[in-house]
Amino acid sequence: MFFTCGPNEAMVVSGFCRSPPVMVAGGRVFVLPCIQQIQRISLNTLTLNVKSEKVYTRHGVPISVTGIAQVKIQGQNKEMLAAACQMFLGKSESEITHIALETLEGHQRAIMAHMTVEEIYKDRKKFSEQVFKVASSDLVNMGIGVVSYTLKDIHDDQDYLHSLGKARTAQVQKDARMGEAEAKRDAGIKEAKAKQEKLSAQYLSEIEMAKAQRDYELKKAAYDIEVNTRKAESDLAYQLQVAKTKQKIEEQKMQVLVVERTQQIQLQEQEIIRKEHELEATVKKPAEAERYRLEKLAEAQRCQLIMQAEAEAESLKVKGEAQAFAIEAKARADAEQMAKKAEAFRQYQDAAMVDMLLEKLPQVAEEISKPLSSVKKITMVSSGSEGVGAAKMTGEVLEIMSRLPDTVEKLTGISISQMTQKKPGRMS
């Protein structure tokens, strides 16, 4: 069975095939139930409030000191983890905290006994470093590492620290008053010097300002003269430049006119050449082309007429031969058909006649009903004893067809009903 733990916990597996026990910090391990045992130990950081009440210092003054320490079991160091497992396995965090607190408090008391109140009060860093150094060397053997130690508070019941503070406060106040008086004296001296320097600087500044104003006026007058001179020169130069520019513009206009006249002459010459080419292309060349076309058309028509006449002659010849052959073939086919019909009539006599009549019956029925197909509208009136609508019309057509055998018998003397009742052997 697998067991896991977080990075703030360690597992110790002992028992069968686990000698020495296996220690796993922040991971997983396989444990055989019943024959192996797993135990856990916390690697959390423990905060210790180390209080040492009324401990006599080196000069016999009782004081109370409170320090804050952060300790934890080092899971990364296998030797320290093994030592911690030997000492604290099976104990709770509160029990481990109590043991570490008692150890740190003992070392803190020992350091306090070897130092004076002034040393502890004035140099807290030194005191904290000594407690950290001594406690770390002792707790490492237990597998516990001291992460940090800080001195939190120092107090006493005899007002010893308060008295030290009063003397220091009085000294500080005296130094402050002396410093204030010296500062006021120095400030007065410096203020007087500053005023004197201020006046001197003010007068010097005014003199310099007057000099500067004079120099400014002189230079301004000189600059004005120079500016006016340059302005007059600039105006004359501008007018001269305007005249030159106008002259250049007139020259450019004349050149433009000359160029325009030259271009117009060239355009007229090109137009004359173009019209000559146009005349040649539109009159002379088309006339020659038309003459050539008419000549070719006449020659083509002549050839066409000759070929058409030859083709018609050949066609008439072929058609005549074909018609003669067709007439001959049709005559032969009609003669054969008539001979076969005569032979058939001779062999079958009445049966052949009946067969012909039966073949013509559909055509007869079509001719009888043909007038009805051209009728657009029919209005039928029923007396109530016979069929109505399409059935009535169909019955009329069938009635006419049923009268045909009697009509045929009267015209030819052949009874269709009797012929159909004969045996097939007799008809053959």
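Residues numbered from 1 in each chain as written. Predicted model: local features only at pLDDT ≥ 70, side-chain atom pairs only at ≥ 80, totals over all residues. Heavy atoms only, no water.

A. Layout of the packing of helix α2 (residues 93–113) against helix α4 (residues 124–139). In contact at an axis separation of 9 Å, α2 and α4 are set at 135° when each is read in the N-to-C sense. Relative to α4, the element α2 lies oblique. In this structure, α2 crosses over α4, and the sense of that crossing is right-handed. Across from A100, T103, L104, H107, Q108, I111 and M112 in α2, the residues of α4 making contact are F127, Q130, V131, V134, A135, D138 and L139. Considering only residue class, the contact of α2 with α4 consists of 9 nonpolar, 4 polar and 1 charged. (Axes fitted to C-alpha atoms, helices over the stretch in contact; angles between N-to-C directions. Helix = DSSP H or I, 4+ residues; strand = E, 2+ residues; numbered from the N terminus. Parallel < 35°, antiparallel > 145°, perpendicular 65-115°, else oblique. Left-handed = near helix turned anticlockwise from the far one by under 90°. Contact = heavy atoms within 4.5 Å. Nonpolar A, V, L, I, M, F, W, Y, C, P; charged D, E, K, R; others polar.)

B. The arrangement of unusual backbone geometry in detail. One non-glycine residue, K54, adopts positive backbone phi at about 50°. With respect to the element layout, K54 can be found in strand β6 (residues 46–56). In this structure K54 comes out as exposed when scored by relative accessible area, which is 54%. (Buried < 20%, exposed > 50% of the residue type's maximum accessible area, 1.4 Å probe, protein only.)

C. Main features of the environment of K152. Tracing the backbone shows K152 in strand β8 (residues 144–155). Taking the C-alpha atoms as reference points, K152 and K51, 101 residues apart in sequence, are found 9.7 Å from one another. Ignoring anything within four residues of it in the chain, the contact list for K152 reads T66, G67, I68 and R124.

D. Region of interest: the pairing of strand β7 (residues 62–73). Counting buried positions over the 12 residues of β7 gives 10, a clear majority of the element. Pairing of β6 with β7 involves 9 bridges; the strand directions are antiparallel. Paired with S52 across the strands is V65, a residue of β7. Summarising the sheet, β7 and β8 pair through 10 bridges and their orientation is antiparallel. Bridge pairing in β8 places Q70 opposite S148. (Pairing = 2+ DSSP bridges.)

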